[in-house]
Each structure stands twice: as C-alpha cells, then as structure tokens.
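Chain by chain, the residues run as shown.
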Amino acid sequence: KQWYQRRVAITAGTFILEDPTGNSFIENPNAPKPDPHLKMEHYIRSKDDEDVLGITEMKENAQEENEEENEEEKSQVVQNEESEVITFEAMCNACGKEAVCNMKEVQIPFFKKILLMANVCDHCGYRDSEVKSAGGISEKGQRITLKMTDSDMDLDRDILKSETATVNIPELEVELTCGSLGGRFTTIEGLLHQIKDQLESINPFSFGDSKTPSDKQSGGAMSSVIQGIQDIIDHKILVELIVKDPAGNSYIQNVYAPDEDPNLTVEEFERTAEDNDDLGISDMKTEGYEEDTS
C-alpha cells in the first residue's frame, strides 16, 4: 500500500510544508500572538490529490448511493412559509454523503440581514452551522470596540463575527485572525468559549504531555491566556474587545438601542490595498464588463 507523503521543500532558508490532507502542524512559539515568520494558506485540492487520497472514489460512491435512494426527491426545495426556513440537499463535509441544509434569513435589529445555515447528516451524525451576510461588502471597513463594565450585561450581548473579521483582546494579547472560527452569530460569552476551544485545538504542544520545554520555562504563556479567557467568562476580570472587519459585516449588540451605547464604539476606516485583495475586490469589474476588452 502506497501512503500519500506530505510535500516538504526548503528554499533559501524557507521551510514549506504542503499537506493536501490539512492534518499537519507547525508550532507557533509566539502563541497566542501571531508569528510574523509563519504563514498558513488554504487551497483547493487538485484532482490528482483527491485521486491519491481516495476522495474521488468516495464522492462517486456517495453520489451513486444518493441518486438511487433519492431519485424522486432529488433537487427538491422545501420552504416552510410560516418559519421561512428553506431546506435543501447538500453534501456532508465529513463523509461526503447526502445531508440536509436548513437556511433562514434573519434581520438583526439596527443592523443587517444575515443568513443562518445549519447542516445535518443522518449518515454519520455530523453537524455544523455557518453565518453569512445577506448583503454585500460595505463601502468602508469597521472597527468595533467594546469596553466591558458589567460582566452580566456584556457577556450576554449578541455578536456577529463574519468570516472576514479579526477579534482582539489587548489585555490578554490575544488576536483571532481573519478566517478563524468562520462566521459566528452568538453571545460574547459564547464567542469566548469558542476562542478558548480554538486556542486549545491549534496549539496542542502547549498542554499536557506535549508541552514543550520553552513553554514550561516561560510559565506557560498559552495556559495563562486560556485561564485569562476563563476568568472573563467567570466574571473575574473586565477587558476590551475589538472586532475589526474590512467588509463591515460584523456587529456587537447595542443594549441601549436606539440610544447611544457609552461603552461601544463603531469606527469606519478606509480599506488598504491588501484588504481589497483579500476580499477579492481588486479583481472585481462592476462597469463595462460586457465590453470586448480584446
């Protein structure tokens, strides 16, 4: 049996690790701070990659089974007019078989409409959820700053973190980069629980028997951050929460609405060229795209 080997290359002092399975890991010695020398990029696997990993065959088998079992119901879209929930067929991200996706458009008061999507697979039991903006990209980016003054009130605030937003807690020197956790619509407390779980999962060398000597000597920087987040959840400390979204599609609830919230600041900023590249705006052509450019 031939095992698929990870592709590793070293050029000009640069170590490049490419793993089509997405199961490799390089430690960030600066965690929980970003590592300026470490860059991680996601890409879509090629047909050859999927052939070697056996994914192509799994997809073909799953598609054949779905066609046989649901030939009459395939492509059927059911809309519940009372709850406005749209149900349609999708593919499970875990096993590749047919799953059910429920989608609902929700209007957030004093903000925008969003799409809530929940996927459920009856074959393997996998479940996941996702939040998308129902609108487009705002003209300017937004920086939302919440200064916590009351744990009971602030932890219960609704928060919408889009997939393009970063989350920063200066007191703990924690920054959740763009793309982390995807889109989430929850409460401040719920988001903190998800950040805590994320930090634990992406830094396996900082806990238990895998703890590195450098982390032990430093007193466990990551462990201190995890404990700090837990202290926020336990109402022991108050911090500042900053959500920066170049697309302007994130939101923190104003509990005093429609009046101004003294502890919540929303600032608009001009996007940089790098922001526009990340959002794909630089490659968009909205005028004259029907003209022959040859």
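Residues numbered from 1 in each chain as written. Predicted model: local features only at pLDDT ≥ 70, side-chain atom pairs only at ≥ 80, totals over all residues. Heavy atoms only, no water.

Participant: I'd like a description of the side chain of Asp261, backed by residues and values.
Facilitator: By the element assignment, Asp261 lies in the loop between strand 14 (251-252) and strand 15 (264-269). Here Arg157 takes part through its side chain, which lies 2.7 Å from a polar atom of the side chain of Asp261. (Helix = DSSP H or I, 4+ residues; strand = E, 2+ residues; numbered from the N terminus. Polar contact = N/O pair within 3.5 Å; in protein donor to acceptor, adjacent residues only side chain to side chain.)

Participant: Account for the pattern of salt bridges, with residues named and values stated.
Facilitator: Tallied over the entire structure, the rule returns seven salt bridges. Lys47 serves as the salt-bridge partner of Asp51, at 3.0 Å between the closest nitrogen and oxygen. Within this pair, Asp51 and its partner Lys47 are both found in helix 1 (residues 47-53), separated by four residues, close to a single helical turn. Residue classification places Lys47 among the exposed residues on the basis of a relative accessible area of 51%. Linking Glu270 and Lys140 is a salt bridge whose minimum nitrogen-to-oxygen distance equals 3.5 Å. Note that Glu270 is positioned in the loop between strand 15 and helix 7 (273-279) and Lys140 in the loop between strand 7 (127-133) and strand 8 (141-147), a separation of 130 residues in sequence. A network of salt bridges, in which partner residues are shared, links Asp154, Arg157 and Asp261. (Salt bridge = Lys/Arg side-chain N within 4 Å of Asp/Glu carboxyl O. Buried < 20%, exposed > 50% of the residue type's maximum accessible area, 1.4 Å probe, protein only.)

Participant: So what about the environment of Asn263? Which residues, and what values?
Facilitator: Checked against the element boundaries, Asn263 lands in the loop between strand 14 and strand 15. The class for Asn263 is buried, based on a relative accessible area of 16%. As a C-alpha pair, Asn263 and Leu146 span 117 residues in sequence and 5.8 Å in three-dimensional space. Filtering out sequence-adjacent residues up to four positions away, Asn263 remains in contact with Thr145, Leu146, Lys147, Thr149 and Arg157. A polar contact is formed between the side chain of Asn263 and the side chain of Thr149, at a distance of 3.2 Å. (Contact = heavy atoms within 4.5 Å.)

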